[in-house]
Amino acid sequence: MVEYICSRGSSLRLRELLDTTCRLANTLKKYGIHKGDRVAIYMPVTPLAVAAMLACARIGAIHTVVFAGFSAESLAGRIIDSGCKAVITYNQGVRGGRVVELKKTVDEAVKNCPGVKHVFVAQRTDNKVHMDDRDIPLEEHVFDYQQGDVFGCVADIGWITGHSYVVYGPLCNGGTSVLFESTPLYPDPGRYWETVQRLKINQFYGAPTAIRLLLKYGDKWVKTYDRSSLKTLGSVGEPINHEAWQWFYRVVGDSRCTLVDTWWQTETGGVCIAPRPSEEGAEVIPAMAMRPFFGIVPALMDENGKVIEGNDVSGALCIAQPWPGLARTIYGDDQRFIDAYFKKYPGYYFTGDGAYRSPEGYYQITGRMDDVINISGHRLGTAEIEDAMDEHPAVPETAVVGYPHEIKGEGAFAFIVLKEDTVQTENVKEELKSIVASKIAKYAVPDHVLVVKRLPKTRSGKIMRRVLKKIVTNQSSDLGDITTLDDPIIVAEIVDAYEKYKTEQSASS
Ligand code: WTA
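Computed from a predicted structure; not experimentally measured.

Scoring rules and cut-offs
- Residues numbered from 1 in each chain as written.
- Predicted model: local features only at pLDDT ≥ 70, side-chain atom pairs only at ≥ 80, totals over all residues.
- Heavy atoms only, no water.
- Axes fitted to C-alpha atoms, helices over the stretch in contact; angles between N-to-C directions.
- Helix = DSSP H or I, 4+ residues; strand = E, 2+ residues; numbered from the N terminus.
- Parallel < 35°, antiparallel > 145°, perpendicular 65-115°, else oblique.
- Left-handed = near helix turned anticlockwise from the far one by under 90°.
- Contact = heavy atoms within 4.5 Å.
- Nonpolar A, V, L, I, M, F, W, Y, C, P; charged D, E, K, R; others polar.
- Near = heavy atom within 4 Å.
- Polar contact = N/O pair within 3.5 Å; in protein donor to acceptor, adjacent residues only side chain to side chain.
- Pairing = 2+ DSSP bridges.
- Disulfide = S-S within 2.5 Å.
- Patch = residues over 30% accessible without salt bridge, like charges linked within 9 Å, V, L, I, M, F, W, Y side chains within 5 Å.
- Areas by Shrake-Rupley, 256 points an atom, 1.4 Å probe, with all protein chains shown as cover.
- Salt bridge = Lys/Arg side-chain N within 4 Å of Asp/Glu carboxyl O.
- Phe/Tyr/Trp six-rings, centres within 6.5 Å; stacked < 30°, edge-to-face > 60°.
- Buried < 20%, exposed > 50% of the residue type's maximum accessible area, 1.4 Å probe, protein only.
- Lys NZ or Arg CZ within 6 Å of the ring centre and 35° of its normal.
- Expected span 1.5 Å × (residues − 1).
- Arc of directions from axis to C-beta.

**Regarding the packing of helix H1 (residues 14-30) against helix H2 (residues 47-59)**
When two helices pack together, their arrangement is given by the angle between the helix axes and by the axis-to-axis distance.
Then step 1. Across the interface, H1 lies against H2 with an axial gap of 8 Å and an inter-helix angle of 55°. Compared by their axis directions, H1 and H2 come out oblique. The element H1 and its partner H2 pack so that their crossing is right-handed. Seen from H1, the contacting residues are Leu17, Leu18, Thr20, Thr21, Cys22, Leu24, Ala25, Leu28 and Lys29; seen from H2, they are Pro47, Leu48, Val50, Ala51, Ala52, Leu54, Ala55, Cys56, Arg58 and Ile59.
Then step 2. Looking at the contact of H1 with H2 residue by residue, the classes come out as 15 nonpolar, two polar and two charged.

**Remarks on the site of the ligand**
Then step 1. Taken together, 16 residues lie near the ligand, and Asp261, Thr262, Gln265, Thr266 and Asp353 sit nearest.
Then step 2. At 3.0 Å, a backbone N or O of Gly237 approaches a nitrogen atom of the ligand.
Then step 3. At 2.6 Å, a side-chain N or O of Asp353 approaches an oxygen atom of the ligand.
Then step 4. Among the elements of the structure, helix H5 (160-172) and strand E18 (363-368) are those that each provide at least two residues to the shell around the ligand.
Then step 5. Considered class by class, the residues forming the shell around the ligand number six nonpolar, five polar and five charged.

**Overview of the sheet that holds strand E17 (residues 349-357)**
Two strands in a sheet stick together by hydrogen bonds in their backbones, pointing the same way (parallel) or opposite ways (antiparallel).
Then step 1. Strand order in the open sheet formed by four strands is E15-E16-E17-E18, and the pairing between neighbours is antiparallel. Of all the strands in the sheet, the pair left with one neighbour each is strand E15 (298-301) and E18. The sheet shows a mean angle of 45° between the axes of neighbouring strands, direction not considered.
Then step 2. Note: strand E16 (residues 313-319) against E17, six bridges, orientation antiparallel. Looking across to E17, one finds that Val313 is bridged to Arg357.

**As for the packing of helix H7 (residues 208-215) against helix H9 (residues 242-252)**
Then step 1. In contact at an axis separation of 10 Å, H7 and H9 are set at 75° when each is read in the N-to-C sense. The orientation of H7 relative to H9 falls into the category roughly perpendicular. Contacts from Ile211, Arg212, Leu214 and Leu215 of H7 reach H9 at Glu243, Ala244, Trp247 and Phe248.
Then step 2. The class makeup of the residues in the contact of H7 with H9 is six nonpolar, no polar and two charged.

**A closer look at the sheet that holds strand E8 (residues 118-122)**
Then step 1. Strand order across the open sheet formed by five strands is E4-E3-E5-E8-E9, with parallel pairing between neighbours. Each end of this open sheet is capped by a strand with a single partner; those strands are strand E4 (62-65) and strand E9 (135-137). On average, adjacent strands in this sheet sit at an angle of 25° to one another, irrespective of strand direction.
Then step 2. Two strands pair when backbone bridges link them, and strand E5 (residues 84-90) and E8 are joined in this way by five bridges, in the parallel orientation. Opposite Thr89, over in E8, you have Val121 as the bridge partner.
Then step 3. The strands touched by H2 within the sheet are strand E3 (38-42), E4, E5 and E8, with E3 carrying the most contacts at an inclination of about 175°.

**Describing the state of the cysteines**
Then step 1. According to the stated counting rule, one finds zero disulfides in the structure shown.
Then step 2. Here Cys113 is not disulfide-linked; the sulfur of Cys84 is the nearest cysteine sulfur, at 8.4 Å.
Then step 3. Left without a disulfide partner, Cys257 is nearest to the cysteine sulfur of Cys153, which lies 17 Å away.

**Considering a nonpolar patch on the surface**
Then step 1. A cluster of nonpolar side chains, namely Met53, Leu54 and Val65, defines an oily patch on the protein surface of about 220 Å² accessible area.
Then step 2. Examined against the element boundaries, Val65 turns out to sit in strand E4.

**Notes on the packing of aromatic side chains**
Then step 1. Per the stated rule, a full pass over the model turns up 26 aromatic pairs.
Then step 2. Summarising the aromatic geometry, the rings of Tyr192 and Phe204 are spaced 5.0 Å apart at their centres and angled 65° between planes, so their arrangement reads as edge-to-face. Linking Tyr192 in helix H6 (residues 191-199) with Phe204 in strand E12 (residues 203-206), this pair joins segments that are twelve residues apart in sequence. Summarising the burial analysis for this pair, Tyr192 and Phe204 share the class buried.
Then step 3. Three or more aromatic residues joined by ring pairs make a cluster, and in this case those are Phe143, Tyr145, Phe151, Tyr165, Tyr205 and Trp264.
Then step 4. Its guanidinium or amino end placed over the ring of Phe294, Arg276 lies 4.3 Å from that ring's centre, counting from NZ or CZ.

**A few points about the pairing of strand E19 (residues 372-375)**
Then step 1. Side chains Ile373 and Ile375 project from E19 onto a buried face, and the interleaved Val372 and Asn374 project onto a face without burial.
Then step 2. Pairing between E19 and strand E20 (residues 378-381): four bridges, direction antiparallel. Bridge pairing in E20 places Ile373 opposite Leu380.
Then step 3. Between E19 and E20, which pair antiparallel in sequence order, lie two residues; one of them, Ser376, sits at a positive phi of approximately 45°.

**Looking at the pattern of salt bridges**
Then step 1. On inspection of all chains with the given rule, the structure shows 28 salt bridges.
Then step 2. A salt bridge links Glu397 to Lys457; its shortest N-O distance comes to 3.0 Å. Placement of Glu397 in strand E21 (residues 397-405) and of Lys457 in the loop between strand E23 (448-451) and helix H13 (465-472) is noted, with a sequence separation of 60 residues between them.
Then step 3. For Glu426, the salt bridge identified is with Lys429, shortest N-O distance 3.5 Å. Here Glu426 and its partner Lys429 are both found in helix H12 (residues 425-439), three residues apart, which amounts to about one turn of the helix.
Then step 4. One salt-bridge network, held together by shared partners, links Arg212, Glu238, Asp371, Glu386, Glu397, Lys457 and Arg465.

**Some points on the environment of Gly352**
Then step 1. Take Gly352: it is sitting in strand E17.
Then step 2. Relative accessible area serves as the criterion here: at 10%, Gly352 is assigned to the buried category.
Then step 3. Residues Gly352 and Leu317 lie 35 residues apart in sequence; the distance between their C-alpha atoms is 7.0 Å.
Then step 4. Not counting residues up to four positions away in its chain, the partners in contact with Gly352 are Leu317, Gly367, Arg368 and Met369.

**Here we look at helix H14 (residues 489-508)**
Then step 1. Along its 20 residues, H14 runs 29 Å from first to last C-alpha, staying within 8% of the 28 Å computed at 1.5 Å per residue.
Then step 2. Looking only at H14, the buried set comprises Ile490, Val491, Ile494, Val495, Tyr498 and Tyr501. Down the axis of H14, the sector holding all buried residues measures 130°, keeping them to one side. Of the residues in H14, the exposed ones pointing more than 90 degrees away from the buried face are Ile489, Asp496, Lys500, Thr503 and Ala507.
Then step 3. Buried residues in H14 make contact with strand E22 (409-417), E23 and H13.

Below, the structure written as structure tokens:
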């Protein structure tokens, strides 16, 4: 068996070298390095440097390996002379007990090399270095997965999150992936955390709906189990409200793990907007997807279809250029694909979601555009009202929908779920109204607050507000397509509760 044996003690078998080479070759190709292009390699003698040379050879690119002790000026000279399109380097090197700032030297060198389109950066040390748009980290993703980690995505493979983050993503990266074949409540609400303890999961990726559900059962189910293996927590599928974010971060992650709110869609194939905590100085703001992923160019659109420039603005979230994971069509119906995603804003992919761009330029997803209501001329996402109400300690979950209102045009109707031990229901309702008034505005206060046992959800855990809207607009006999509904009995429960509420209302008026 052929092996490379490194002076630092590690060794690399031919099979591993081939895997690394192929992965790197694919990454180079993905970022536009083709046959005949020149690539500078500025790395000390390591297995990855060998793989970098072979990766270039594999795709027909020409490598120029520059001794990693050369200055920025010497490196720049070689890059310019050979017309390099890319540089491959490490964040830092270690030589003779000293740290060598390889990436900093490359930054300095490429300042004068406009031909360099990308700098690929591998991790040699744990230190974070400055990265900008041109830089491609070779080993970081959103979840900071490192070799040997156990990645625990608890989504079902029947949904896109399971496709990309249980199957294809981990396999493409040679990672270890957990197959979770159960529910978070069986045999008890400690199921996730028992699994974390038993399998020593390092990254836990789940949905806000499950987090809100578990939060209802209290902290004890989490604290029973050892979660010290966890490094990164991820959330996907819906806007995560602040209370759930804080609970996930503080209780599950012991305020020690990074929590990333990741935004994407079935159509996008993989995460498109998410914090990237592995970069130097990168902050993570609670309940915010924050930063476009590599290759993603978000744009916010106004009602007239114009791009909204600047920060501290909200609009319809579009993506301005294609990227590798984008769906190509709807099988057998190209026209439907064009109509659904490209017609409303020609030249842009329309996500159907609304987003806010903060003063710092970070993105926050505000919910589906069709979940926007217009109360007395004020447009607001139902998620904003829900987020405010979810802060009430007795209320783990809410859903708000609009209904026609004689005076205001539209009014807000809130469905709420209470924690199991809540008794003072009327007080809670009044408190919720005042939270909304103080957090958002008086006009946003729901006219109706109805307590229900459970909310109607899809099997992937998304609240079906469309169904609730039908109920409050008295169209419960025609609920539309409810084949993705998890448990149809819930709808019957809610219709009953609503009818009872209406009867009480008309009796008291
Ligand atoms: C919503 C799931 C807010 C959004 C991967 C999107 C989110 C839809 C987030 C896609 C998030 C997903 N914050 N909303 N972090 N992630 N969504 O196709 O409305 O099942 O358009 O893909 O979920 O759902 P899908």
